[in-house]
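Read off the chains here:
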Amino acid sequence: MSFFQIIYLSSRNQPCEEFIEAIMTIFCCVNADASFLDEWSFEQFKSLLNRSNEDPKLKELLLQDNLVFFLHLLGCDSNGHAHRPYSSIYLNNVKVVDHIAERVYDLLEDYYKDNSTAYVFTADHGMSDKGSHGDGHPSNTDTPLVVWGAGAKYPKPISTANHPNHEFHFVDEHAHDMPTPVDWGLNGIERVDVNQADIAPLMSTFLGAPCPVNSVGNLPLEYIDFVEADEVEAVLANTKQILNQFLRKSEIKQANSLNFKPFKPLADYSSQLDLIEHLISSRDYQNAMTRTENLRTSALQGLHYYQTYDWLMLMTVITLGYLGWMVCLILHVLQSYTSLARNVFKEQAAQQKNKTGKVYVFGCLVMGVISVLLFRERSPPLYHAYIAMTVFLWTHTFSEHQFVRALWRHLTGKKIGYAIKLFAACSVSIVILEFLVNSFTDRKLYTWCFLIVGAMAFLYLYKSIPWRSGIPIFVCISCWCLSVFTLMPAEIPDNNELVIASGVIVIMVGAAARWLDKHSEGNKYWLTICNHGAEKPRFHMLFYLQTFLVGLSSVMVSISTSHRTEKQALHTFHQLINWSLAGLSMILPLFSEHSALSRLTSIFLGFAPTFLLLSIGYEAVFYAALSLVLVGWILFENTLLHLTKGRKSSASIRNLEEHAALENDRCLQLSDIRIPIAFMVLFNVAFFGTGNFASIASFEISSVYRFITIFSPFLMSGLLIFKLFIPFMLVICAFSAITKLIRVPRMGCYFLVILFSDVMTIHFFFLVRNTGSWMEIGNSISHFGIMSAQVVFVLLLFALTNIYTKDIQIRSDSSSSWKAA
């Protein structure tokens, strides 16, 4: 193997930690120009060559063969993110890089004077107009590759018929046929496109060194000036390198697998290699090249085969694990939060205990046998964890077989109408969940959803209650207003005036809610959630203080943004005011009145200043629109409560006496499934109403500049995440108020939310992919991760919002008494 030395010159690779921090702080500031990073790298390279004239050891090092200089020019990447690709700063940085490339060439040619240097100029990614990257658009995935110097071919005149990549398919299976810009003056020159992985074997071939051990690139012969015999030998070496990876993977898997299944297309790889060697010795280069390329393709397919060897087993185990978890949740909800447990399972409790022990013993035996097999195959610890959890969940499920059998007899004894209702409820729930799954890739679905829901709610309420209540019109208009936002671009454009105007909108919404809370005594459909003087306010000026803070936050948005626009640093005093506004405003709702509408209005006004200070565009208006829909949801449920208040089940009352642990007045019923379903829809709207949260390119870092203007990744990330959580907290507060309003167990509804989240998670699990662009791979993983994590962070947000909602009181419309649900 040939030895080669790599000299790496990058502004990110410095021994001085303080210097790194200073550099990162400077270039991540709003107004910094990072082109000096490129100049720094070039100056270090130039200094290296100059020092060698006085340092014999360094001179000897630089004159050895197979030497690689790696210059990492970071400026364009930093300026592109900070200032956008069409800014004057970025365009000037492009000129700097061009000039550096020219000076590097002149320096090396003057230093070595042997015309034996090859130059490879490329990049790791492109960039969108916004300054982000990662999605599958060609502007992000197409990168330059310019090769010249020793060993490189000269450009060829364009010839479509003889183009070697005429039907070239890229790894991500996208069409990348972007035309070469006319002003480059290269219209008559043939362009050779390759996959990014192909650059590694290209550079290795220039060095005369073996390809990197784990490289999966195909050597692009169009860049190398070889005779035909050398071309075949180079491609054969590339093929053997990939084939050796395949053989090693096969050897490891065969040594550990009890039932090994080899990759059949390469069962006779040795005879194929012998035939290729024979063809080369016979100088049948064309046939040898064809067979070598076919063998290389088969080796890459074999690598993928062994990389995904355990996929079927793992996907089966994980899917069974999710199904077992879902069944356990269903059984827990039925036993703990409904009246079914008493009706279908009473006399068999003693028999259940005896048979449960046997089921768990059998489950332990099954887990023991599987563990032995996994140890024998030297499986990773995660394999043991996946299977152990799956076996445990299904063991627990089978331990409830008496309840399941009794439940089945109970359901089969019901009338056909009940079965139809149960099937309809399950079918509608699955349809809505599939709608939510598709909304992760098409936000516009929410527009149609809220347009239809608004119209249907209006018709239902208009027929059920007097139109003079205003509720039907309010619910319809609020839904239609919210439907507009998912038509907006996911990349939120800067609009400082709109953010300031949103402060006025928030104050108007709060004032309207305040007026209704005090002046709607004659409307029984509002009475339950309003105050109407039944409770004396603890702080008379609290509402006015909150509206003042909202107005002040709008003023601070204007001041902070003007400083950034004028390229001035944000004053420390202004930052202190912004932090104080955010902190104080979120404490004040704790001192508001206990009626549902009063407390929810105070929460809405309390989080508004923080959200406004973290907003850059239309998402500030979305905050108000989402709040109106949440109020509409509460009014709709309150109306249903009044329409059905005389139909309470006596079974639920008896069940309440036997289940004292429940804090509400009744158990869950089939119709209550609408509450967690509505929560899921609104919770996901909070995700996607102001952008594509599941996209890694949707975060706008400038939204935190009103709080901090220097690079602090943890603080910046924390502010961004908190901004995203504020709409979620509003949804959860409304959800908590509804469970208290209609007196259903909140934890029972939360378990149903977990169940529905798991249904979506299984769907996303099968959509995870490992090929395509960064965005496609990242989004498929993030969709799965979001739904998996939703169970956890919803619980955390429940705990956080419980601080605000635990003392909400619901007023009975039949008396002046108040009850805390």
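Definitions and cut-offs
Residues numbered from 1 in each chain as written. Predicted model: local features only at pLDDT ≥ 70, side-chain atom pairs only at ≥ 80, totals over all residues. Heavy atoms only, no water. Helix = DSSP H or I, 4+ residues; strand = E, 2+ residues; numbered from the N terminus. Buried < 20%, exposed > 50% of the residue type's maximum accessible area, 1.4 Å probe, protein only. Contact = heavy atoms within 4.5 Å. Areas by Shrake-Rupley, 256 points an atom, 1.4 Å probe, with all protein chains shown as cover. Patch = residues over 30% accessible without salt bridge, like charges linked within 9 Å, V, L, I, M, F, W, Y side chains within 5 Å. Salt bridge = Lys/Arg side-chain N within 4 Å of Asp/Glu carboxyl O. Axes fitted to C-alpha atoms, helices over the stretch in contact; angles between N-to-C directions. Parallel < 35°, antiparallel > 145°, perpendicular 65-115°, else oblique. Nonpolar A, V, L, I, M, F, W, Y, C, P; charged D, E, K, R; others polar. Phe/Tyr/Trp six-rings, centres within 6.5 Å; stacked < 30°, edge-to-face > 60°. Lys NZ or Arg CZ within 6 Å of the ring centre and 35° of its normal. Expected span 1.5 Å × (residues − 1). Arc of directions from axis to C-beta.

Peer 1: Hey, could you run me through the overall build of the protein in this one?
Peer 2: Of regular secondary structure, the protein possesses 29 helices and 6 strands. Put simply, the protein has 821 residues, and 47% of those count as buried. A separation of at least 24 residues holds for 78% of the contacts in the protein among residues at least 6 apart in sequence. Here the protein has roughly 41700 Å² of accessible surface; of this, 63% comes from carbon and sulfur atoms.

Peer 1: What am I meant to see in a nonpolar patch on the surface here?
Peer 2: Among the surface-exposed residues, Phe539, Ile587, Leu590, Phe591, Leu800 and Ile803 lie close enough to one another that they form a single nonpolar patch of about 490 Å² accessible area. Examined against the element boundaries, Leu800 turns out to sit in helix α29 (residues 774-805).

Peer 1: Help me understand the environment of Gln301, please; the structure alone is not making it clear to me.
Peer 2: As for its placement among the helices and strands, Gln301 is situated in helix α10 (residues 285-307). Using a relative accessible area of 46% as the deciding quantity, one classes Gln301 as partly exposed. Residues Gln301 and Pro265 lie 36 residues apart in sequence; the distance between their C-alpha atoms is 9.3 Å.

Peer 1: So what exactly am I meant to see when it comes to the packing of helix α17 (residues 445-464) against helix α18 (residues 471-483) here?
Peer 2: Think of two packed helices as two axes; the pair is described by the angle between the axes and how far apart they sit. Look at α17 against α18: their axes get within 8 Å of each other, and the N-to-C directions meet at 175 degrees. When the axis of α17 is compared with that of α18, the two are roughly antiparallel. Seen from α17, the contacting residues are Thr447, Phe450, Leu451, Val453, Gly454, Ala455, Ala457, Phe458, Leu461 and Tyr462; seen from α18, they are Ile471, Pro472, Ile473, Val475, Cys476, Cys479, Trp480, Leu482 and Ser483. Of the residues contributing to the contact of α17 with α18, the split by class is 16 nonpolar, 3 polar and no charged.

Peer 1: Where do I start with the packing of aromatic side chains in this structure?
Peer 2: Any two aromatic rings considered together are summarised by their centre-to-centre distance and by the angle between their planes. According to the stated counting rule, one finds 41 aromatic pairs in the structure shown. Centre to centre, the rings of Phe246 and Tyr306 are 5.5 Å apart; their planes meet at 45 degrees, and the pair counts as tilted. You can see Phe246 sitting in helix α8 (residues 228-256) and its partner Tyr306 sitting in helix α10, a full 60 residues away along the chain. For the pair Phe246 and Tyr306, a shared accessibility class is recorded, and that class is buried. Relative to Tyr623, the ring of Phe604 lies with its centre 5.2 Å away and its plane at 15 degrees, an arrangement referred to as stacked. Taken together, the residues Phe604 in helix α23 (residues 596-613) and Tyr623 in helix α24 (residues 619-643) connect sequence positions 19 residues apart. For Tyr623, a relative accessible area of 2% corresponds to the buried category. Here a set of aromatic residues connected by ring pairs shows up, and it is made of Tyr337, Phe679, Phe683, Phe687, Phe725, Phe728, Phe735, Tyr750, Phe751, Phe793 and Phe798. It is Arg103 that lies over the ring of Phe42; its NZ or CZ is 4.3 Å from the centre.

Peer 1: Would you explain α17 in this entry?
Peer 2: Note on helix geometry: an α-helix contains 3.6 residues per turn, so any two residues three or four positions apart are oriented the same way. Helix length check: α17 (20 residues) gives 28 Å between terminal C-alpha atoms against 28 Å at 1.5 Å per residue, within 8%. Turning to α17, its buried residues are Tyr446, Thr447, Cys449, Phe450, Gly454, Ala457 and Leu461. Projected down its long axis, α17 shows its buried positions confined to an angular sector of 150 degrees, all on one face. For α17, the exposed residues set more than 90 degrees away from the buried face come down to Trp448, Met456 and Lys463. On the buried face of α17, the contacting elements are α16 (416-439), α18, α24 and α26 (674-688).

Peer 1: So what exactly am I meant to see when it comes to the packing of helix α11 (residues 311-337) against helix α15 (residues 401-412) here?
Peer 2: The N-to-C vectors of α11 and α15 enclose an angle of 70 degrees; their axes lie 12 Å apart at closest approach. Here α11 lies roughly perpendicular to α15, going by the angle between them. The segment α11 lies against α15, with Leu331, Leu334 and Gln335 engaging Phe403, Val404 and Leu407.

Peer 1: Whenever I open this one, the side chain of Asn496 confuses me. Can you help?
Peer 2: Residue position: Asn496 is located in helix α19 (residues 496-519). For Asn496, a relative accessible area of 18% corresponds to the buried category. With residues near it in sequence (within four places) discarded, Asn496 still touches Val557, Ser558, Thr561, Ile616 and Arg706.

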